[in-house]
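# Commentary on secondary and tertiary structure
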Amino acid sequence: AQLVESGGGLVQPGGSLRLSCAASGFTFSTYGMRWYRQAPGKVRELVATISSAGGSTNYADSVKGRFTISRDNTKNMVYLQMNSLKPDDTAVYYCNAVSMVRSHWGQGTQVTVSS
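This report concerns the structure included in the present document. (Residues numbered from 1 in each chain as written. Predicted model: local features only at pLDDT ≥ 70, side-chain atom pairs only at ≥ 80, totals over all residues. Heavy atoms only, no water.)

On a plain count of helices and strands, the protein comes out with zero helices and eleven strands. Counting helices and strands in the order they occur from the N terminus, the protein gives β-β-β-β-β-β-β-β-β-β-β. For the protein, whose C-alpha radius of gyration is 13 Å, the value lies close to the compact-globule estimate of 13 Å for 115 residues. For the protein, the spread of C-alpha atoms along the three principal axes comes to 40 × 25 × 25 Å. For the protein, the proportion of its 115 residues judged to be buried stands at 43%. Relative to all contacts within the protein whose residues are 6 or more apart in sequence, the contacts with residues 24 or more apart total 52%. Total accessible area computed for the protein in this model is approximately 5,900 Å², and 48% of it derives from carbon and sulfur atoms. (Helix = DSSP H or I, 4+ residues; strand = E, 2+ residues; numbered from the N terminus. Rg over C-alpha atoms; globule rule 2.2 N^0.38 Å. Buried < 20%, exposed > 50% of the residue type's maximum accessible area, 1.4 Å probe, protein only. Contact = heavy atoms within 4.5 Å. Areas by Shrake-Rupley, 256 points an atom, 1.4 Å probe, with all protein chains shown as cover.)

Next up, the structure:
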């Protein structure tokens with residue numbers, strides 16, 4: 001099983017980024033997907049979740065209304081659209097796939113929000 005994140009980078013406050021996570025080696029459509037983030041010196045934080053079919057999403061209060069999680073089960077991809085970015089959004093963002101019995105993680109992608 002493999003998850004590969006991409007799309008991170010340096011962006012100014014108020015800007016946008018779209019993170020992507022490519023999945024392979026497991027039955028993607030049967031897994032719930034999550035995005036986490038971890039800032040230096042802080043615990044890993046759950047940012048957004050999406051159900052296996054994509055019909056249910058949830059967000060951390062800190063990103064609600066600014067971030068949107070989505071998935072394409074035909075392409076084995078999950079996305080995180082991030083708008084109105086703030087310096088506090090600076091972190092390494094991780095993609096996570098979860099089922100009843102397994103959990104897979106990506107290697108993370110750095111997002112830095114700074115002027």
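We now examine the sheet that holds strand 3 (residues 17-24). Taken in spatial order, the four strands make up an open sheet running 1-3-8-7, and their pairing is antiparallel. The strands lining the two open edges of the sheet, one partner per strand, are strand 1 (2-6) and strand 7 (67-72). When strand polarity is set aside, the average angle formed by the axes of neighbouring strands in this sheet is 15°. (Pairing = 2+ DSSP bridges. Axes fitted to C-alpha atoms, helices over the stretch in contact; angles between N-to-C directions.)

Before going further, it helps to examine the environment of leucine 46. Position of leucine 46 among the secondary structure elements: in strand 5 (residues 45-50). For leucine 46, the residues in contact, after removing those within four places along its chain, are Arg34, Trp35, Tyr36 and Ala60.

With the rule as written, the count across this model stands at one disulfide. Disulfide pairing places cysteine 21 opposite cysteine 95 at an S-S distance of 2.1 Å. Taking the sign of the S-S torsion, -85° for the link of cysteine 21 and cysteine 95, the bridge is left-handed. Highlighted residues: cysteine 21 in strand 3 and cysteine 95 in strand 9 (residues 91-98), separated in sequence by 74 residues. A residue is classified by how much of its surface remains accessible, and cysteine 21, at 0% relative accessible area, is buried. For cysteine 95, a relative accessible area of 0% puts it in the buried group. (Disulfide = S-S within 2.5 Å.)

A word on the nonpolar core. Met33, Trp35, Val78, Leu80, Met82 and Tyr93 are the most contacted members of the largest nonpolar core, which totals 29 residues. Residue assignment for this core shows that the elements contributing at least two residues are strand 3, strand 4 (32-38), strand 5, strand 7, strand 8 (77-82), strand 9 and strand 11 (109-113). (Core = buried A, V, L, I, M, F, W, Y, C linked by side-chain atoms within 4.5 Å.)

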